[in-house]
Amino acid sequence: MVEIAAVKAALSSQVIETPSWGYGNSGTRFKVFAQPGVPRDPYEKIQDAAQVHAHTGAAPVVSLHIPWDRVEDYGALAAHAGDHGLRIGMINANVFQDDDYKLGSVTHPDPRVRRKATDHLLECVDIMDATGSDALKLWFSDGTNYPGQDDLTARQDRLAEALGEVYARLGERQRLVLEYKLFEPAFYSTDVPDWGTSYAHCLTLGERAKVCVDTGHHAPGTNIEFIVAFLLRQDKLGAFDFNSRFYADDDLMAGAADPFQLFRIMYEVVRGGGLDPARDVRFMLDQCHNIEAKIPAVIRSVMNVQEATAKALLVDRDALGRAQREGDVLAANAALMDAYNTDVRPLLAEVRQENGLAADPFRAYLDSGHQDEIAATRVGGQQAGWGA
Ligand code: PSV
Ligand code: MN
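To start, this report covers the structure provided alongside it.

Parameters at a glance
Throughout this description, residue numbers start from 1 for each chain and increase along the sequence as written. Chains carry letters from A onward and ligands carry numbers from 1 onward, assigned in written order. The model is predicted, so local features are restricted to residues of pLDDT at least 70 and side-chain atom pairs to those at 80 or more, both for listing and for counting; the totals for chains, interfaces and linings are taken over all residues. The side-chain quantities take in all heavy atoms of the structure and omit both hydrogens and water. To pair, rings of Phe, Tyr and Trp, with the six-membered ring standing in for Trp, must have centres within 6.5 Å; the planes then decide the type, stacked if under 30 degrees apart, edge-to-face if over 60, and tilted in the middle. Strands here are runs of E lasting at least two residues and helices are runs of H or I lasting at least four, both read from the DSSP assignment and numbered beginning at the N terminus. Buried residues are those whose accessible area, probed at 1.4 Å on protein chains only, stays under 20% of the maximum for their type, while exposed residues exceed 50% and partly exposed ones sit between those limits. Here a residue counts as near a molecule or strand whenever at least one of its heavy atoms sits within 4 Å of it. In protein, a polar contact means a hydrogen-donor-capable atom and an acceptor-capable atom, both N or O and within 3.5 Å, with residues adjacent in sequence counting only if both atoms are side-chain atoms; elsewhere, any N or O pair within 3.5 Å suffices. Shrake-Rupley sampling with a 1.4 Å probe provides the accessible areas, and residues are treated as covered by the protein chains on show and by no other component. The residue classification treats Ala, Val, Leu, Ile, Met, Phe, Trp, Tyr, Cys and Pro as nonpolar and Asp, Glu, Lys and Arg as charged. All others, Gly included, are polar. When a carboxyl oxygen of Asp or Glu lies within 4 Å of a side-chain nitrogen of Lys or Arg, that pair is called a salt bridge.

This part covers the packing of aromatic side chains. Per the stated rule, a full pass over the model turns up 14 aromatic pairs. Where Phe96 meets Trp139, the ring centres are 5.0 Å apart and the plane angle is 65°; that geometry is what we call edge-to-face. With a gap of 43 residues between them, Phe96 in the loop between β3 (87-93) and α4 (111-131) and Trp139 in strand β4 (residues 135-139) connect regions that are remote in the sequence. For Phe96, a relative accessible area of 19% gives the class buried. On the accessibility criterion, Trp139 (14% relative accessible area) is buried.

Below is the structure:
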């Protein structure tokens, strides 16, 4: 039996963190398409994130990327977020867009470059202090393009050294999450290519280091929900970067390409207790909106995550457990599929209305006229974009 009141309570309290860069212009290496009304600075990005929260009630946290969100006064930026009903979430370091990092950042063969990269990571911890953020997200583009280009083991040693220095700098209530990615921009070897590598480094670092699972960062066909189940069991799942993909790191809207996969992931989250705020798993979006309007795309993504979560919560776990114990393969599979095939939109509409929100946040945003307003008022200046 599924307790609907408990499902509703879990849905009401789910927090989805949105990325500041999701509101800026983005594209592929072929073309970045500018859109009217796109934010010109981090303050306007926060205003856009506030729109997503105002309509969904589920996105009170915004994640920053440094230096894309560099400002004079981080305390003022955090206060601005507070004024808009938001708080600053994870600080994402960026050691992949400087000429010095051509051969790597913290794993670069030259100690000068390694020092510069590690200093940037330490600067990100300073920004955490100034904004009240309690998590540092690390993704390294470091790797090699050709066999023999560098010593793979030495690169792991350099990585471990930098991570150790950053971990030691974290405050009591701060932690780091280490994101992995199979390939790109490096094409032969990547220094943190998979969850196992991230997990091993996090184990060495200590309990405040956890793994970040970006759903677009695996080989095709990878069973991501297994990784999630394993990490949760070890209490090493720190965060998600949700997005979806057809081919590689496509960064499409979460749940757009494969809603069934998102459901399977969220089922393992529910099963492993990952929705419990005490576990502190961050549910973040990390995606780019190249051809679609940004704020409604983020709203759509939040709704997709909520729908997958609702379906996962609706799994009749008693029936599932019984079928599993009895070895009844078909009944077990049916218990999952029954939940997946449930139309949860009416349930979510009810939850939202009970919380004083519109039943359909996507429609409510489009009807609000906000998109036209920002297109008319945000003129002049330099639009924010990937890499700016
Ligand atoms: C890398 O592909 C990544 O997923 C990391 O999280 C970056 O910080 C992010 O994308 C933003 O480009
Ligand atoms: Mn990511």
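To continue, consider the site of ligand 1. Every residue close to ligand 1 is listed here: Trp21, His65, Trp68, Trp139, Glu179, Lys181, Asp214, His217, Asp241, Asp249, Asp286 and Trp386. His217 is positioned with one of its side-chain polar atoms (N or O) 3.2 Å from an oxygen atom of ligand 1. Asp286 places a side-chain nitrogen or oxygen 2.8 Å from an oxygen atom of ligand 1. A total of 310 Å² of accessible area belongs to ligand 1 in isolation, and the protein chains cover 95% of it. The class makeup of the residues in the shell around ligand 1 is four nonpolar, two polar and six charged.

Our next topic: the pattern of salt bridges. Enumeration over the complete set of coordinates arrives at 29 salt bridges. Across the pair Lys8 and Glu354 runs a salt bridge whose closest N-O atoms are separated by 2.8 Å. A residue pair is termed long-range when its members are at least 10 positions apart, and Lys8 in helix α1 (residues 4-13) and Glu354 in helix α12 (residues 345-354) qualify at 346 residues. The exposure class of Lys8 is buried, given its relative accessible area of 14%. When salt bridges with common partners are traced through the structure, they connect Glu17, Asp134, Arg175, Asp280 and Arg282 into a single cluster.

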